[in-house]
Amino acid sequence: RTKSSIGHTVCFFEPDMDENARARRQLAADLRHAVPNGELRLLYQPQRSLMTGRVSGYEALVRWHHPKRGPISPNDFIPLAEETGDIFAIGEWVLREACLEARNWDTPLKVAVNLSPVQFLQQELIERFRAILVETGLSPSRLELEITETAIITDKLRALHCLRQFKAMGVSVAIDDFGTGHSSLDTLHSFPFDKIKIDKSFLQRAETSPQALAIIRTVLSLGRSLSVPVLAEGVENENQLRMLESEGCDEAQGYYFGRPGPAPSLDLPLAANF
Ligand code: C2E
Ligand code: MG
Ligand code: MG
Ligand code: MG
């Protein structure tokens, strides 16, 4: 970093901004090769039924193993892939890989796959997904798609059309990060979701913030009124679990039950840490 002769604060930032822009361009260029070079991996995080205490399914979470930079979080490369359009290839890779792996599990649990709002822009989305299900041989009833509210706000008619097609195929649809988007109630009203996932930020604040706790209670009550099961994201300790149980939450997911890990072997005593 050099201070230019022109002078003050701003000049300290310019080289950095260039550096950031360059790094981002480089990452975008590398991202194009991530799928063909086999640099993506899926990890799976268990979801627990609080009624039975059993694992009810696994969410597939993508990781990019960059040849030079090592593992990169989806929070850092999915938005980039959405900008460049690489999200289409990545989304199809994720679906195919999740279906192939889930087929080899020894119990027919559901696999949940995240869908980017941008994927709805793909005209052939439904046909491509249908083809991947046929090709991999996974029963559609074992697939759940996780969609955020943003996906529905951007082009509501298109999104609802796609969601109805998925449902007609036998795929279930969960609303992800619920409570963080806009027009949540309108979204719920427009489509028969199979699950509501409360964003982890509410649980993280619940112990110290009466407002956050009130929101959790409201979403649970909403789920009961609509007969839609509610899953709480981000359970990290026993206190949070006890609270969710006493409030009548249906399912939970979080580090307390298991971090995202390699494809589950269901021979392992998964209930051990419950
Ligand atoms: P998400 O779908 O809401 O996934 C949950 C995120 O919370 C995951 O982060 C997970 O590792 C993390 N998490 C789970 N339990 C806990 C907990 O107890 N505490 C805390 N602090 N975090 C927890 P991850 O794997 O980094 O993924 C981040 C986001 O990236 C996902 O949020 C999802 O929006 C997106 N994403 C991940 N995989 C895919 C994918 O295959 N396709 C698309 N389009 N997006 C993906
Ligand atoms: Mg998700
Ligand atoms: Mg989420
Ligand atoms: Mg999220």
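Residues numbered from 1 in each chain as written. Chains lettered and ligands numbered in written order. Predicted model: local features only at pLDDT ≥ 70, side-chain atom pairs only at ≥ 80, totals over all residues. Heavy atoms only, no water.

As recorded in an unreviewed UniProt entry, the protein goes by EAL domain-containing protein and comes from Novosphingobium beihaiensis.

Draft legend 1. Just the coordination of the magnesium ion (ligand 3), in detail. Those protein atoms acting as donors to the magnesium ion (ligand 3) are D176 (OD), D177 (OD), E233 (OE) and E233 (OE), and they sit at 2.0 to 2.7 Å. Counting residues between consecutive donors of the magnesium ion (ligand 3) along the chain gives the motif D-D-x55-E. In this structure, the magnesium ion (ligand 3) lies 4.0 Å away from the magnesium ion (ligand 2), the two metals sharing D176 as a donor. We classify D176 as buried; its relative accessible area is 5%. (Donors = N, O, S within 2.8 Å, 3.2 Å for Na, K, Ca; no water. Buried < 20%, exposed > 50% of the residue type's maximum accessible area, 1.4 Å probe, protein only.)

Draft legend 2. Region of the structure containing the packing of helix α4 (residues 125–136) against helix α6 (residues 156–169). In contact at an axis separation of 10 Å, α4 and α6 are set at 25° when each is read in the N-to-C sense. In terms of their interaxial angle, α4 and α6 are classed as roughly parallel. Considering how the two elements wind past one another, α4 and α6 form a crossing that is right-handed. Listed contacts from α6 to L125, I126, F129, R130 and L133 of α4 are R158, C162, Q165, F166 and M169. A class-by-class count of the residues in the contact of α4 with α6 yields seven nonpolar, one polar and two charged. (Axes fitted to C-alpha atoms, helices over the stretch in contact; angles between N-to-C directions. Helix = DSSP H or I, 4+ residues; strand = E, 2+ residues; numbered from the N terminus. Parallel < 35°, antiparallel > 145°, perpendicular 65-115°, else oblique. Left-handed = near helix turned anticlockwise from the far one by under 90°. Contact = heavy atoms within 4.5 Å. Nonpolar A, V, L, I, M, F, W, Y, C, P; charged D, E, K, R; others polar.)

Draft legend 3. Representation of the side chain of H66. As for its position among the elements, H66 is in strand β2 (residues 55–66). Polar contacts involving the side chain of H66 include one to the side chain of D30, which spans 2.7 Å. (Polar contact = N/O pair within 3.5 Å; in protein donor to acceptor, adjacent residues only side chain to side chain.)

Draft legend 4. Seen up close, the coordination of the magnesium ion (ligand 2). Distances from the magnesium ion (ligand 2) to its protein donors, E59 (OE), N114 (OD1), E146 (OE) and D176 (OD), fall within 2.0 to 2.2 Å. Positions of the donor residues of the magnesium ion (ligand 2) along the chain correspond to the pattern E-x54-N-x31-E-x29-D.

Draft legend 5. Just the side chain of Q47, in detail. The residue Q47 is located in strand β1 (residues 40–49) in this model. Within polar-contact distance, the side chain of Q47 engages the side chain of Q253 at 3.0 Å.

Draft legend 6. View of the site of ligand 1. Inspection of the region around ligand 1 gives 23 residues, with R63, N114, D176, E236 and Y255 positioned closest. Here V62 contributes a backbone N or O atom positioned 3.2 Å from a nitrogen atom of ligand 1. With respect to ligand 1, the side chain of D177 contributes an N or O atom lying 3.0 Å from an oxygen atom. Considering ligand 1 on its own, with 800 Å² of exposed area, one finds that the protein chains cover 87% of that surface. (Near = heavy atom within 4 Å. Areas by Shrake-Rupley, 256 points an atom, 1.4 Å probe, with all protein chains shown as cover.)

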